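This is what each chain is made of:
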Amino acid sequence: EAFMSNTYCGGPMSIHAVGATTTTTALGTNRIAIPVDSAGNLPRYIYVSAVTESYVKLGQSGVTATANDIGIQAAQGLVLAVSGATHLAMIQGTSTGKVNVVPLDNV
């Protein structure tokens, strides 16, 4: 019986589904639903990138982000394990920016 890893260990990413982009604000209540993968399922991992300094937090539909959550610097991207979350909340750092989220298909 094969088991899928619970940890993303790097390597090529396969992105076949449309992601979502939203603008950050000074309030951490701005959130988006995690986009589904190409099979229509909630992905195991997402790739999150930001145009300006931003902070993000995974959670359910009422999740709120603060400046104490996961920091993403301008032009940085990171892979996050979804772990049952349905939404991603974001808050701006020093200025308004955009956060992009795409589902990963092959991990």
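Residues numbered from 1 in each chain as written. Predicted model: local features only at pLDDT ≥ 70, side-chain atom pairs only at ≥ 80, totals over all residues. Heavy atoms only, no water.

Draft legend 1. Representation of the overall build of the protein. Check the secondary structure of the protein and you find zero helices and eight strands. Order of helices (α) and strands (β) in the protein, N terminus to C terminus: β-β-β-β-β-β-β-β. Counting only residues that meet the buried cut, the protein has 37% of its 107 residues in that class. Here the contacts in the protein between residues at least 6 apart in sequence split such that 78% fall between residues at least 24 apart. In the form shown here, the protein has an accessible surface area of approximately 5700 Å², with 55% of it arising from carbon and sulfur atoms. (Helix = DSSP H or I, 4+ residues; strand = E, 2+ residues; numbered from the N terminus. Buried < 20%, exposed > 50% of the residue type's maximum accessible area, 1.4 Å probe, protein only. Contact = heavy atoms within 4.5 Å. Areas by Shrake-Rupley, 256 points an atom, 1.4 Å probe, with all protein chains shown as cover.)

Draft legend 2. Fine view of the confidence of the model for the protein. Taken as a whole, the protein shows an average pLDDT of 88; of its residues, 89% reach a score of 70 or greater. When the criterion is pLDDT under 50, residues 1-5 qualifies, and its contacts beyond four places in sequence or with other chains add up to four contacts. (pLDDT = per-residue confidence, 0-100.)

Draft legend 3. Spotlight on the sheet that holds strand β3 (residues 45-50). Read across the open sheet, the four strands follow the order β1-β8-β3-β6; overall the sheet is antiparallel. Edge positions in the open sheet fall to β1 (20-23) and β6 (77-81), since each of these has one partner strand only. This sheet shows a mean twist of 25° between the axes of neighbouring strands, independent of strand direction. Relative to β6, β3 runs antiparallel, the two sharing five bridges. (Pairing = 2+ DSSP bridges. Axes fitted to C-alpha atoms, helices over the stretch in contact; angles between N-to-C directions.)

Draft legend 4. Highlighting the nonpolar core. Within the largest apolar cluster, 15 residues are counted, with the highest numbers of intra-cluster contacts made by I46, V48, V56, L80, L88, V99 and V101. Counting residues per element, this core draws most heavily on β3, at three residues. Of all hydrophobic cores here, the second largest spans five residues; its members include Y55, V63, A89 and I91. (Core = buried A, V, L, I, M, F, W, Y, C linked by side-chain atoms within 4.5 Å.)

Draft legend 5. Local environment of unusual backbone geometry. In this structure, A75 takes a positive phi of about 65° despite not being glycine. The backbone phi angle of S83 is positive, close to 50°, even though this residue is not glycine. Mapped onto the fold, S83 is located in the loop between β6 and β7 (87-92). Take S83: its relative accessible area is 70%, and that puts it in the exposed class.

Draft legend 6. Geometry of the sheet that holds strand β4 (residues 54-59). Reading across the sheet, the four strands line up as β2-β7-β4-β5 and stay open at both edges, with antiparallel pairing between neighbours. Edge strands, defined here as strands with exactly one partner in the open sheet, are β2 (30-33) and β5 (70-72). The mean angle between the axes of side-by-side strands here comes to 30°, regardless of whether they run parallel or antiparallel. Bridge count for β4 against β5 is three bridges, and the pairing is antiparallel. The partner of V56 across the bridge, within β5, is I70.

Draft legend 7. The arrangement of the environment of L42 in detail. Relative to the helices and strands, L42 resides in the loop between β2 and β3. The spatial distance from the C-alpha of L42 to the C-alpha of G84 is 8.4 Å, given a sequence separation of 42 residues. Excluding its chain neighbours within four sequence positions, the residues that come into contact with L42 are I34, V36, V82 and A85.

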